Amino acid sequence: MSTLTRARCRLQAHPFAADAALAAAVLACMVAGSFVDPHGPDGVDWGLRSPDPLSLVLMTLGALALVFRRRAPRTVLALAGGVSVAESVTGDPRAPVAMCAVVALYTVASTTDRPTTWRIGLLTTTVLTGTAMAAGPLPWYAQENLAIFAWTGIGATAGDAVRSRRAFVQAIRERAERAERTREEEARRRVAEERLRIARDLHDVVAHHIALVNVQAGVAAHVMDKRPDQAKEALAHVREASRSALGELRATVGLLRQSGEPEAPTEPAPGLDRLDELAGTFRSAGLRVEVARADQGTDLPAAVDLAAYRVIQEALTNVQKHAGTDARAEVSVVRVGPHIEVTVLDDGSGENPQDDPDAPEDAPGGGHGLLGMRERVTALRGTLTTGPRYGGGFRVHAILPVEPRTSAARDSGR
């Protein structure tokens, strides 16, 4: 840090001492200027002269007023202007008392707005210059009178320039702080969205495969003694479901790795191309599933493809858990204009709470299944409708745009 910077910091830390030093400097300049006489008998003569005692008193009063220029700038300007007017009328020869008024006018201009600066500056210039020209001992065209006009104008202009620069620097600083806050908020929002997306994926994977494992384990326990061949088949399905669950969990949790860490997931996210495989896992668990598709030739974005797959997976998992042992599910995927429509129906006789999002988390059957589906679909600007069917069963219907319209939607498929 340079010497000038350190001195400036000290002055900013002690403004009253800085104003006192400025007042002393202004008083010294006024006193020194009062000894100069520009009007000699032979023209311009810069000889020495002695200032009047009244002028010394007025200079001292004006300088003392400047000590309080930050606390009451307009009051100080009125006092400095008053002593300057008094010096203009009584001083002969005149002392440069107007210097304190110029400093006070600069302070007012630097601490107020531009219209106020114009009004106060014009009033101060008019009063001081007019008084000096009309009531002073010198002719109205004397250079001292014109100097008062020039110096008051310079004081007002300089103060307004300083105020404008301060406002400009403050605006830049606020803009930078606002941009920094915006970046931090955006980063927090993205982290929250990514955390929510991973939580949805984990829920879908765990709920689906654990439901299958639970069903197959129950079948194996039921037929273990009488039909061991069916028990072995059920346990084989349990092993396959657990292997699939571990694989998908590894891929999902692998998204949390840093970019440079090894063993990053390379398997693509599941989509509708694996719909038959998904339906087969539920059929092997005893659920009758029928699939109908009318979306041939549709190339879906990764985010839409994953969302459609997860909606079907979660809906079939809820059918498996809640619709009863004799339930039958129907899955349809249809391309309708710029949208893809996914529908899952069941004719179960159970009450089928299907993870009501409005229910408390500790309620029986409460969870986040429907809430997760709704968040996935909403993130892609789609719509999801769920509810019981007339005559029994449940219906899940999702409408997804073929082209996602938000960057957040594209990020959710990564």
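The rules behind the values
- Residues numbered from 1 in each chain as written.
- Predicted model: local features only at pLDDT ≥ 70, side-chain atom pairs only at ≥ 80, totals over all residues.
- Heavy atoms only, no water.
- Core = buried A, V, L, I, M, F, W, Y, C linked by side-chain atoms within 4.5 Å.
- Buried < 20%, exposed > 50% of the residue type's maximum accessible area, 1.4 Å probe, protein only.
- Helix = DSSP H or I, 4+ residues; strand = E, 2+ residues; numbered from the N terminus.
- Contact = heavy atoms within 4.5 Å.
- Pairing = 2+ DSSP bridges.
- Right-handed = clockwise from strand over helix to strand, strands pointing away.
- pLDDT = per-residue confidence, 0-100.
- UniProt positions renumbered as here; feature names shortened; annotations may be inferred.
- Salt bridge = Lys/Arg side-chain N within 4 Å of Asp/Glu carboxyl O.
- Axes fitted to C-alpha atoms, helices over the stretch in contact; angles between N-to-C directions.
- Parallel < 35°, antiparallel > 145°, perpendicular 65-115°, else oblique.
- Left-handed = near helix turned anticlockwise from the far one by under 90°.
- Nonpolar A, V, L, I, M, F, W, Y, C, P; charged D, E, K, R; others polar.
- Expected span 1.5 Å × (residues − 1).
- Arc of directions from axis to C-beta.
- Patch = residues over 30% accessible without salt bridge, like charges linked within 9 Å, V, L, I, M, F, W, Y side chains within 5 Å.
- Areas by Shrake-Rupley, 256 points an atom, 1.4 Å probe, with all protein chains shown as cover.

## Here's the deal with the nonpolar core
Working step 1: Counting residues in hydrophobic clusters, the biggest one holds 41 residues, and the most contacted among them are Val 289, Ile 312, Leu 316, Val 396 and Leu 400.
Working step 2: Taken together, the elements giving at least two residues each to this core come down to helix H7 (143-223), helix H8 (228-253), helix H9 (275-284), helix H10 (302-322), strand S4 (328-336), strand S5 (339-346), helix H11 (369-379) and strand S7 (394-401).
Working step 3: Residues within four places of Ile 312 in sequence aside, it is in contact with Leu 272, Leu 275, Leu 278, Val 331, Val 333, Val 342 and Val 344.
Working step 4: Grouped together as the second largest cluster of nonpolar side chains are 27 residues, Val 76, Val 97, Ala 98 and Cys 100 included.

## Some details on the pairing of S4
Working step 1: Pairing geometry for strand S3 (residues 288-294) and S4, over seven bridges, is parallel. Bridged to Ala 292 within S4 is Ser 332.
Working step 2: Handedness of the β-α-β unit built from S3, H10 and S4 comes out left-handed.
Working step 3: Bridge count for S4 against S5 is eight bridges, and the pairing is antiparallel. Paired with Val 334 across the strands is Glu 341, a residue of S5.
Working step 4: From the end of S4 to the start of S5, which pair antiparallel, there are two residues, and Gly 337 there has a positive phi angle of about 60°.

## Notes on the confidence of the model for the protein chain
Working step 1: In this model, the protein chain carries a mean pLDDT of 77, and residues with pLDDT of at least 70 account for 77%.
Working step 2: Ranking the elements of the protein chain by mean pLDDT puts helix H12 (residues 407-411) last with 44 and S7 first with 92.
Working step 3: In the predicted structure, residues 352-366 sits below a pLDDT of 50 and forms 26 contacts with residues beyond four places in sequence or in another chain.
Working step 4: Residue range residues 406-414 is modelled with pLDDT below 50. Its contacts to residues more than four positions away, or to other chains, number 20 contacts.

## A closer look at the UniProt feature "coiled-coil region" (unreviewed entry) in the protein chain
Working step 1: In this structure's numbering, the residues bearing the UniProt feature "coiled-coil region" (unreviewed entry) are residues 169-196.
Working step 2: Within residues 169-196, the helical portion is 100% and the strand portion 0%, while the C-alpha atoms at the span's ends are 40 Å from each other.

## Regarding the pattern of salt bridges
Working step 1: Scanning the entire structure with this criterion turns up ten salt bridges.
Working step 2: Of the charged contacts in the structure, one is a salt bridge between Arg 328 and Glu 290, with a shortest N-O distance of 3.5 Å. Of this pair, Arg 328 sits in strand S4 while Glu 290 sits in strand S3, and the two are 38 residues apart along the sequence.
Working step 3: Judged by its relative accessible area of 25%, Arg 328 falls in the partly exposed class.
Working step 4: Classification of Glu 290 by relative accessible area gives partly exposed; the value is 43%.
Working step 5: A single network of salt bridges, built from pairs that share partners, joins Asp 19, Arg 69 and Arg 70.

## Quick word on the packing of helix H5 (residues 98-111) against helix H6 (residues 114-135)
Geometrically, a packed helix pair is captured by the angle between its two axes and the distance between the axes.
Working step 1: At a closest axis distance of 10 Å, the pairing of H5 and H6 adopts a crossing angle of 165°. As the angle between them shows, H5 and H6 are arranged roughly antiparallel. As H5 runs across H6, the sense of the crossing is right-handed. Residue-level inspection shows Ala 101, Leu 105, Val 108 and Ala 109 of H5 in contact with H6, the latter providing Thr 117, Ile 120, Gly 121, Thr 124 and Leu 128.
Working step 2: Looking at side-chain class alone, the contact of H5 with H6 contains six nonpolar, three polar and no charged residues.

## Let's talk about the environment of Ala 158
Working step 1: Looking at the element boundaries, Ala 158 is found in helix H7.
Working step 2: Note on Ala 158: relative accessible area 31%, which makes it partly exposed.
Working step 3: Sequence spacing of Ala 158 and Ala 109 is 49 residues, and the spatial spacing of their C-alpha atoms is 7.9 Å.

## Describing the sheet that holds S7
Working step 1: The strand order across the open sheet built from five strands is S3-S4-S5-S7-S6, with neighbouring strands paired in mixed fashion. Edge positions in the sheet fall to S3 and strand S6 (383-388), since each of these pairs with one other strand and no more. Pairwise comparison of adjacent strand axes, ignoring direction, gives a mean angle of 10° for this sheet.
Working step 2: Against the sheet, H11 makes contact with S6 and S7, and its axis sits at roughly 155° relative to S6, the strand it touches most.

## Thoughts on helix H4 (residues 73-90)
Working step 1: With 18 residues, H4 should cover 26 Å at 1.5 Å per step; its first-to-last C-alpha distance of 26 Å lies within 8% of that length.
Working step 2: Considered for burial, the residues of H4 that qualify are Pro 73, Val 76, Leu 77, Ala 80, Gly 81, Val 83, Ser 84, Glu 87 and Ser 88. Taken around the axis of H4, the buried residues stretch over an arc of 165°, which confines them to a single face. Those residues of H4 that are exposed and angled more than 90 degrees off the buried face are Ala 78 and Leu 79.

## Considerations on a nonpolar patch on the surface
Working step 1: On the surface, a cluster of nonpolar side chains totalling about 360 Å² of accessible area is made up of Leu 54, Val 57, Leu 61 and Leu 64.
Working step 2: Topologically, Leu 64 is positioned in helix H3 (residues 53-66).

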